[in-house]
Amino acid sequence: MADKLRNQQELERLQAKYVGTGHPDTTSWEWKTNIHRDTYSSIVGHPPLLSYMALAQNEPVAKFRVQMIRKMLQPVGPPPPREEDIIMSNTQNGS
Amino acid sequence: MSDAEFEQIRKLQAERNAAAAAKKGSRTFDPSTQRADTTKAKLTEAWDTDIYDRETEDKYAGYHRTLPAANGDEDEDMLDADNTRRLVGQYTATRAQIDEFAHGAGVEEDDRLAGRGERSTRIVDRETDYQKRRFNRTLEPTRADPFANSQGGAQEGATYREIMERRELEREEERVRQAIAQKMKEGQTEEHKPLLKDSTEAEKDKETEKEKDENDKNKSETSADSATTGRKRKSRWDVSSTDTTDQTAAPAEPKKKSRWDQAPAVPVPGAEQPKKKSRWDQAPAATPIGNVGLATPMHPSQGAAFDLSARNRYLTDEELDAMLPGPEEGYKIVEPPPGYVPVRPAHKLVTAPPVATGFTMQDPSSSRLSQPMPKEIPGVGDLAFFKPEDMAYFGKLADGANEDELSVEELKERKIMRLLLKVKNGTPPMRKTALRQLTDNARNFGAGPLFNQILPLLMEKSLEDQERHLLVKVIDRILYKLDDMVRPYVHKILVVIEPLLIDQDYYARMEGREIISNLAKAAGLATMISVMRPDIDHVDEYVRNTTARAFAVVASALGIPALLPFLRAVCRSKKSWQARHTGVKIVQQIPILMGCAVLPHLKQLVECIAPNLNDEQVKVRTVTALAIAALAEASNPYGIESFDEILNPLWTGARKQRGKGLAAFLKAVGYIIPLMDEDYANYYTRDEKVVLKVISQCAQTDGVTAGYLKEHVLDGFFKNFWVRRMALDKRNYRQVVETTVDIGQKVGVSEILERIVGNLKDESEAYRKMTVETVEKLVASLGAADIGERLEERLIDGILHAFQEQTVEDIVMLNGFGSVVNALGTRCKPYLPQIVSTILWRLNNKSPTVRQQAADLVSRIAMVMKQCGEDALMGKLGVVLYEYLGEEYPEVLGSILGALRSIVTVVGINQMQPPIKDLLPRLTPILRNRHEKVQENTIDLVGRIADRGPESVNAREWMRICFELLDMLKAHKKGIRRAANNTFGFIAKAIGPQDVLATLLNNLRVQERQSRVNTAVAIGIVAETCAPFTVLPALMNEYRVPELNVQNGVLKSLSFLFEYIGEMAKDYVYAVTPLLEDALIDRDQVHRQTAASVVKHIALGVVGLGCEDAMIHLLNLLYPNLFETSPHVIDRIIEAIEAIRMAVGPGLVLNYVWAGLFHPARKVRTPYWRLYNDAYVQCADAMVPYYPNLEEDKIDRTELAIVL
């Protein structure tokens, strides 16, 4: 009982500290959003990688960086209103 | 030191050893057998109980274990305080003796082990005698509520006037009782005095008169007269003029009786003393027996009636039926004749309970007395526990009465009872709902029914912390709800809550404060004052003390200004000094409670108590000074202007005081001075009558310079305080030492030492000790750099003298000597021969403590001796110490071993005298000694030898030591176990691992867990020191033994082994993999768990070393264990998987994780998410390339595919 409670609290603390962590009720949409955001922030956070990609895209580094940051806003579309709508909304927004 | 002298010492030593060995039953080392315990006496126990305590005994006996409850103000027992001036010191019993008497015949006798178990949670068990005085208080009748809107029934109950009158009576009774007790003590010898004496004579000689009126039974007239002529009485009885002369005679009456036909009355709480009862049935008594005029009936369990011992209880009808022949045998039970009334005199029930003495067998089968414990209380459900004491309170619930027949009131009572029981004894969820119900319905239940049940529960003797906490919580909650309905019960609540204010437990104190402050807010200031006013000059100091504290809480709750007029009045009370005392005490408690929040009202508070500085009562003056000290302390560094008014009385007053009063005044002065600005401070310090505490605090103040101290203070200080008398009193002693050290910080070491070094040769031992302690503290903190040559000589000379002359070996001397020698360093060289000679003589002393101290001194100065290049002297010391390894007292032996160790450390193995090859064999049997100090020192010494010079001893000896070390692996002290483990490593290195390993592997088969664990650790260490390939084959071979313990042991050793060897593991991974395969698919959980921890340590060792294939293989075996539920197992499994993730990278391991993150079954998702989260926390960035391909959702992260 107490153990469960403690686990719960630990998980909550973890979640507060690391947004990307999940729990058994994490939806697929949340998870995918986090994946994308992590990817973009990783690219932005590693300057060599960023300049490499900017070069490949033939874009200025700063511009590419802003692009990456902008993409973090709802990277996989808006949150699904209902379970079955996820796929629909993804297809509308998907790029 | 001459050789002749050395030889002489050795000769004496040899004689002593021989004599000791010859003694029958001696446990002295016998060189022929290498066994010390020829008679197999227990090694862990000291024979000599005069010097050494048995281990089982409480080593803190005789010490105070509790903080004094009355902080600073030590007038705990005013009534019998000794105000006489004695010319001779008073000799009192030790604390232990007093405690023994205090507990000997009390209630605690019932279960002597009650407080000693694991950790007693009962509150009474940790209370001081002073705190136990709370049981003397009783719940008094409900008070009338004069502030009520005259509509409810709150008007009934005792009024303020009644209470005040009762207090007056109590005071008088107490005084009379004391007088009687006094006479009981003194009067015995005067029994033979003439019984008849005429009354005029009696008027003249009051003391004899009192004597007489006891003896003289016939002349009640005279006795009544004489009672009224008593000195104190006159003034008191003038005041309460309502009492008639009838009543004045009354207190004198019982005296006659008590003398002749009764044992000295021991006041039994709850039981009324018969002498009082005879006359006083109309007036409420000081300790009322339950039910007499109480709105809250005293609980039966608190009465004496329940204390009827088992043997004397009446037989019940059932029992009689069982014992006597019945109708079947032709007998019949005769009806009692009409009009028969059984004679059961009521007073029998209230006689003092028979004290349970003598030995009685507990008979488990005799259940006739104890009511059977109910399995379940109807309507309550499963409780967490149910104590026998609870039966007295909650028994009603189990009586099976038909609820339909009960009245509404009774139903309500039962409902409350049930809820309280749930709160007190229930499980947490049960408690929660019950608490909520109680709170929500509080106003419906009404204050009376609630408090009538809660408060007696809180007075229960067997109450535990948790229960008290919960009940207090209940009170807290219902206070909010009841609000002004609580007024009639304020006093009762205070009676049970006030003791919390002086509890040792911080949280209990906090709880108490919270309740009282809530109570104050609910009941209002007027009620609080009218309820607590009568207690302010209560006879019992305990009541006054707690009331003062409660008042301080009220002040903090309702604001100081609200309470100030009342405080002013109380502090100026002309009627009784107790009231003034309590009033000042309230003022003292307020700053302690509120801290700097008193600042706005500082001036008023100081003004309020200022006149009391010149009170005629010493105690009032003392407490006033303490109150000022508290105010000054709380307001530091502000507020000096508020104290202006009292500065003069304080300074002039300080000169007139003595004893405790003086101490209090000085404390106040000491706290006020830091508030002053610097010049001002100097002015006041210049006062010629400077005093310790003040000096100490002034010396720390910035404004006082070293020059000033030297010029004005030092001479006077040393003249007045460095006198022998100071050393005799423990407190003065400490204070003087502290102050001197403080001054020393300013003026330098030599200035002080110059003055006190002569005292080292003083004839008073306590004075020498005080000097040594001061020297030690000064030298330790400031060094010896500014000590001149001459002074240095005098210092060493003095300290040697003091050391030699001590009659009781004291750690102070040892520390002092050690610090001085270490501070002087190489400057000691000229004195070393003399010091060593002293040590040698003392090592040969008859008294063990002297020997121990000498050996301890060797360990302290060994370093300095080395620095001085006195190797020869150390050799001599070594030889003598070596001879003493036969020492029989373990404490001394431990010190000798410690001394040897420090010598070995500084001179090195090769230069050691005696040579190691002689020394070590002597140590082997000592390893078997079970005394911790001996063990620790031996193992340290042996380990050092094994580390630095293993070649000096042959392998066989080392093996023998190995066997002895095995036992040490299960020592209680961690340091010993660790030293033993390290020593294993050293020995294995010295003689090769084979033999050592064989010993260790055998040890894996023993049953004892601790021992197996330690063996496993030792194997790990051996593997580390001797390379794993020497150990692994044998270890893996051992795994083939079909015995779980052994296999687990092997796995455990492997786990430690791989932890220790780290990267070296890469060469052995493939070798152990088959073994791990087997272990990971074992049926036994623990087996898999241990195997997982092996995997973890291997994996962490081989990160980046190219063993990925093996790791993946192990991961495959580990992974199915993911669904284990036992916390230990699952933790180890997860750790192992994480370690493998470290070794092979997150990409591969995460491939296992994706599968279950969105599994339909939550049971599957949960551990998978745990793995994912752990991976995310540890290497989120590294996971980026490995996230699953989201192409089919058309949301793939295309950026990752960019290639230049």
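Chain B carries the name TOG domain-containing protein in an unreviewed UniProt entry, which gives Chaetomium thermophilum as its organism. Looking at the Sequence similarities (unreviewed entry) heading of the UniProt record, one finds this comment for chain B: "Belongs to the SF3B1 family." Here is the UniProt Subcellular location (unreviewed entry) comment for chain B, exactly as written: "Nucleus".

An unreviewed UniProt entry lists chain A under the name Splicing factor subunit, with Chaetomium thermophilum given as the organism.

I'm lost on the overall build of chain B in this one. Help?
A count of helical and extended segments in chain B gives 55 helices and 0 strands. With 1204 residues in all, chain B has 39% of them scored as buried. Considering only intrachain contacts with a sequence separation of at least 6, the fraction spanning at least 24 residues in chain B is 72%.

Is there a simple way to think about helix H36 (residues 789-805) of chain B in this case?
Side chains that are three or four residues apart share a direction in an α-helix, a result of its 3.6 residues per turn. All names here are of chain B. Spanning 17 residues, H36 covers 24 Å between terminal C-alpha atoms, matching the ideal 24 Å at 1.5 Å per step. Glu792, Leu795, Ile796, Gly798, Ile799, Ala802 and Phe803 are the residues of H36 that are buried. In the core, the buried residues of H36 are packed alongside helix H34 (749-756), helix H35 (765-782) and helix H37 (811-824).

Would you mind showing me how to read the confidence of the model for chain B here?
Do not read the fine detail of predicted coordinates wherever pLDDT is low. All names here are of chain B. On average, residues of chain B score 77 in pLDDT, and 74% of them reach the 70 mark or higher. Between residues 101-119, whose pLDDT stays under 50, and residues either more than four places distant or in other chains, the model counts 12 contacts. Here residues 197-204 is a poorly scored stretch, pLDDT under 50, and it has 9 contacts once near neighbours within four places are set aside; other chains count. Overall fold confidence for the complex sits at a pTM of 0.47, while the interface term, ipTM, reaches 0.87.

How should I be thinking about the nonpolar core in this particular structure?
One recurring pattern in soluble globular proteins is that nonpolar side chains are buried together. By size, the foremost hydrophobic cluster in this structure holds 159 residues, and its most contacted members are B:Ile896, B:Ile987, B:Val1022, B:Val1095, B:Leu1118 and B:Ile1140. Leaving out residues up to four positions away in the same chain, B:Ile1140 has contacts with B:Ala1099, B:Met1111, B:Leu1114, B:Leu1115 and B:Val1149.

What should I look at first to understand the interface of chain A and chain B in this one?
Interfaces are frequently sized by the accessible area removed from exposure as the parts join. Between chain A and chain B, the residue contacts involve 24 residues of the former and 23 residues of the latter. Elements supplying a minimum of two residues to the side of chain A that touches chain B: helix H1 (2-17), helix H2 (28-45), helix H3 (47-57) and helix H5 (85-93) of chain A. Residue composition of the side of chain A that touches chain B, by class: 10 nonpolar, 11 polar and 3 charged.

Explanation requested: the packing of helix H38 (residues 832-843) of chain B against helix H39 (residues 848-867) of chain B in the structure shown.
Each packed pair of helices is defined by two parameters, the angle between the axes and the distance between the axes. All names here are of chain B. At a minimum axis separation of 8 Å, H38 and H39 run at an interaxial angle of 150 degrees. In terms of their interaxial angle, H38 and H39 are classed as roughly antiparallel. For the pair H38 and H39, the crossing hand works out as left-handed. Here H38 contributes Leu832, Ile839, Arg842 and Leu843 to the contact with H39, which in turn contributes Val850, Arg851, Ala854, Ala855, Leu857, Val858 and Met865. Grouping the amino acids of the contact of H38 with H39 by side-chain chemistry returns 9 nonpolar, no polar and 2 charged.

What exactly am I supposed to notice about helix H14 (residues 408-425) of chain B here?
Residue and element names in this part refer to chain B. Look at H14: 25 Å from first C-alpha to last across 18 residues, which is about the 26 Å you get at 1.5 Å a residue. Of the residues making up H14, those classed as buried are Ile416, Met417, Arg418, Leu419, Leu420, Leu421, Lys422, Val423, Lys424 and Asn425. For H14, the elements touching its buried residues are helix H13 (388-394), helix H15 (428-440), helix H16 (442-445), helix H17 (447-459) and helix H18 (465-482).

How each quantity is defined
Residues numbered from 1 in each chain as written. Chains lettered and ligands numbered in written order. Predicted model: local features only at pLDDT ≥ 70, side-chain atom pairs only at ≥ 80, totals over all residues. UniProt positions renumbered as here; feature names shortened; annotations may be inferred. Helix = DSSP H or I, 4+ residues; strand = E, 2+ residues; numbered from the N terminus. Buried ≥ 20, exposed ≤ 12 C-beta atoms within 10 Å, placed from the backbone. Contact = placed C-beta atoms within 7 Å. Expected span 1.5 Å × (residues − 1). pLDDT = per-residue confidence, 0-100. Core = buried A, V, L, I, M, F, W, Y, C linked by C-beta atoms within 7 Å. Nonpolar A, V, L, I, M, F, W, Y, C, P; charged D, E, K, R; others polar. Axes fitted to C-alpha atoms, helices over the stretch in contact; angles between N-to-C directions. Parallel < 35°, antiparallel > 145°, perpendicular 65-115°, else oblique. Left-handed = near helix turned anticlockwise from the far one by under 90°.

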